[in-house]
Structure formats: structure tokens, C-alpha cells
Amino acid sequence: MTQQTQGSRLEIHGVHKNFGDFSALRDINLTIEPGELVCFLGPSGCGKTTLLRIIAGLEQQSAGQLLQGNDDISLKPPKDRDFGIVFQSYALFPNMTVTANIAYGLHSVGTPKARIRERVAELLEMIGLAEHARKYPAQLSGGQQQRVALARALAPSPGLLLLDEPLSALDAKVRHHLRSEIRSLQKQLGVTTIMVTHDQEEALAMADRVVVMNNGVIEQVGTPLEIYQQPQSAFVAEFIGAMNFIDSAPLNGQRVMVGNRAVDVVRPLPEGKGGVRLAIRPEDVHLLPSGDGDWEGRVEAMDYLGAFIRTQVRLTDVALDLVVDVDPRSARQLELAVGNRICLHLPSDALHCFAA
Ligand SMILES: Nc1ncnc2c1ncn2[C@@H]1O[C@H](COP(=O)(O)OP(=O)(O)OP(=O)(O)O)[C@@H](O)[C@H]1O
Ligand SMILES: [Mg+2]
């Protein structure tokens, strides 16, 4: 249906950004491959938008270099860079129709009128809004407006699509729907895409790779699975998904002490003599009938979350509460109930080890 947009590789080398005395980004190094969808994920204020704006040329980096394809774009103004951008709030022109909004970027590069008509029709079809062509933005829903914003950004077939929280102003249902639409459109066009979000579920669901940022630095880059299963820092472990943390002290070899009990771990221990923060996902803790496991505890709370029951267990030997996800079937078999005693098993290969 549409012509294939050729995505281009983006390389970011040693980018720093200062606002006065404040250091907003430090030593950012990242390569984004052609056709990839990468999410910048991190808490508010960590520098996601600043990095996206630097890539667009809307903000000037204090140091570092940016390459798009073989082109050094470090010092180019936004109009000379090859990207389309969509912001969080619908930045459509309110006094222009849907058609005129989508055509906007094509007029400014002098595309012939007939070609513009063709391209707009194609994009309207693609975003499923052909019947709304003559409407004004105020006559559209939020989700429809963001579709138009997306079509407008894609109209000139940019090599790079930049999305800054494009879904965050929408309600959950529309957001979920548009999430998969954006993803399939992006795949179909093969356009290299960066999407900023602070919604981890969105990042894990959509991205080929996730860039986890914190306080102006990149904490980890990886596929959603790598980020979830092999967090490289306690920050990533805590920020993505749910995680239990258990303080321990190194003992010898692959053993640590939790309270007065020795625990074996499989993953490499952090270097140095300091304490070790063990971490385990709620779904990795096994519950067993009382008397059967390594740890004793008492069920403090149970929350039914549909597919599983999020259970809070207070350990007997150590002053510690663990969150454990149990499927309803196992919960029935264990006769799990608040106040009951229960045993726990913490598989050693499920224990992550971080420096305390
Ligand atoms: N123009 C500016 N002048 C001074 N400080 C700025 C400027 N722009 C951003 N900052 C600061 O830089 C830091 C990073 O801001 P940025 O907008 O990139 O965060 P973000 O990760 O996009 O956050 P959010 O999720 O809230 O959008 C913040 O502490 C912010 O206050
Ligand atoms: Mg932002």
C-alpha cells in the first residue's frame, strides 16, 4: 500500500547537557539500528525529553556528537534533520482541517499538489480516519487527534520518528489500542522510532529495546526480556516490575547471610566487601505447605488481581515482608488465607545480587 520508508541508524556519542549548573544528561552513548523501535523509559525528570529534543535539534547538547546514517547532525538546525515528531498533547493546528494538518509538512518542502492529495489519502486510510478528513481537531476524540498527529509526522516519510509520551493523555482503553496500532504501523513502514514514556508496561509491550534512564544517565539498554530478567542495577530491578529486596552480608564463595541463615546464590556477587542486596520477583518465590520449605512465614494480606493473587508474607526468622504472586489454583491447594502459616522457597537462581 504505502511506499517503504527507509529507516536510518542513529548514533549518539558522549552527549552531555547542562542547564546552567544543573547536569541534565551525562555521557549518553547509544546506537539505534534502522527500523528499530526504542523506548526511553525512566522517572519524571530523568532527562528523556531533553535527550529526544537534542536528537531533534530543538535543544543543543553541551558536548557530544550525533550521527544519522552517515550524516553528522550534531550542529544542524531541526529543519535540516530528517525526523517527524509527535508530542504528548495534541499539537495539531486547531484552525486547519485534518487534511490540512497532515499535508502541512508536505507543503513546506514543496511537494506537488497532486502528490500531496495522494499521500494524505494514503495516510488517512492508514490511520483509519478517511471519513474525518474535513473535520477540525476540536471535532475529534483525543485518540483520533493523536492518530492525525502521527500521520502528520509520517507524511514526509522521515527516516526517524520521535514520539514524546504520545499516549499519556489518553484513557487506558484508547491507549492500549493505539499502542498496537503505532507498533504495527511502525513495523510496516520500517521507520526507526524513539518513543519516550514513563509507563513501563508501554515500553515493555512496544519496544524492540528499552533504554532505562535515571538522573541523567543510561542505567541499562536491552530487550524488554533482558531488562526484566537481568536487571543490571537495583534501580532497574526496582523500576521495572515488582521486586522484593533482602539485605544480606557476603559469607564465602557464592553464599551470603540473611539474618543468621546462609543462602546460596547463582548469579555473580557484586565486587567489594560491602553488603549484598538480594532481589527476587514476586512470581519467583514458591509457596509450600507449612513445614516443607526453607523459610517460615505468616500470610498478612491477599489481593486478588485476576490472573494471580498478590500475597504478602511476613517471615518468621527475619524481620521482612515478601510479596509473592500465587496463581489461584495453587492458592486453593495451599488453603492460603490471611493469618495462616506457610513455607517459602527462594530458588537460588532467581536471586539477583546487587551492591548494597
Ligand atoms: N530548559 C530547561 N532549563 C532548565 N532545566 C531544564 C530545562 N529543561 C529541562 N530541565 C531539567 O532537566 C531535567 C530533565 O528534564 P526532562 O524534561 O528531560 O525530563 P523527563 O525525563 O522528560 O521528565 P518527564 O517524565 O516529567 O517528562 C529536569 O530536572 C528538568 O527540570
Ligand atoms: Mg518528558
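Looking at an unreviewed UniProt entry, one finds the chain named Iron(III) transport system ATP-binding protein, with Marinobacter mobilis as its source organism.

## What about the site of ligand 1?
As a structural note, the neighbourhood of ligand 1 is formed by 13 residues, with Ser 44, Gly 45, Lys 48, Thr 49 and Thr 50 the closest of them. Between an oxygen atom of ligand 1 and a main-chain N or O atom of Gly 47, the distance comes to 3.0 Å. One nitrogen or oxygen atom from the side chain of Lys 48 is found 2.8 Å from an oxygen atom belonging to ligand 1. Here ligand 1 has 640 Å² of accessible area as a free molecule, and 59% of this is covered by the chains. Grouping the constituent residues of the shell around ligand 1 by class yields five nonpolar, six polar and two charged.

## A look at the confidence of the model for the chain
Reading predicted coordinates in detail is not appropriate for stretches of low pLDDT. Scored by pLDDT, the chain has a mean of 92; 98% of the residues are at 70 or more. Segment residues 1-5: pLDDT under 50, and 17 contacts once partners within four positions in sequence are set aside and those in other chains are kept.

## What to know about the packing of aromatic side chains
For the coordinates displayed, the defined rule picks out two aromatic pairs. Ring centres of Phe 93 and Tyr 104 lie 4.6 Å apart, and the angle between their planes is 50 degrees; this geometry places the pair in the tilted category. Taken together, the positions of Phe 93 in the loop between strand E6 (83-86) and helix H2 (98-107) and Tyr 104 in helix H2 put the pair 11 residues apart, joining distant regions of the chain. Owing to a relative accessible area of 41%, Tyr 104 belongs among the partly exposed residues under this scheme. Between the aromatic rings of Phe 235 and Phe 239, the centroid separation amounts to 5.4 Å while the plane-to-plane angle is 10 degrees, which identifies the pairing as stacked. You can see Phe 235 and its partner Phe 239 sitting in helix H8 (residues 234-239), four residues apart, about one turn around the helix.

What counts, and at which threshold
Residues numbered from 1 in each chain as written. Chains lettered and ligands numbered in written order. Predicted model: local features only at pLDDT ≥ 70, side-chain atom pairs only at ≥ 80, totals over all residues. Heavy atoms only, no water. Near = heavy atom within 4 Å. Polar contact = N/O pair within 3.5 Å; in protein donor to acceptor, adjacent residues only side chain to side chain. Areas by Shrake-Rupley, 256 points an atom, 1.4 Å probe, with all protein chains shown as cover. Nonpolar A, V, L, I, M, F, W, Y, C, P; charged D, E, K, R; others polar. pLDDT = per-residue confidence, 0-100. Contact = heavy atoms within 4.5 Å. Phe/Tyr/Trp six-rings, centres within 6.5 Å; stacked < 30°, edge-to-face > 60°. Helix = DSSP H or I, 4+ residues; strand = E, 2+ residues; numbered from the N terminus. Buried < 20%, exposed > 50% of the residue type's maximum accessible area, 1.4 Å probe, protein only.

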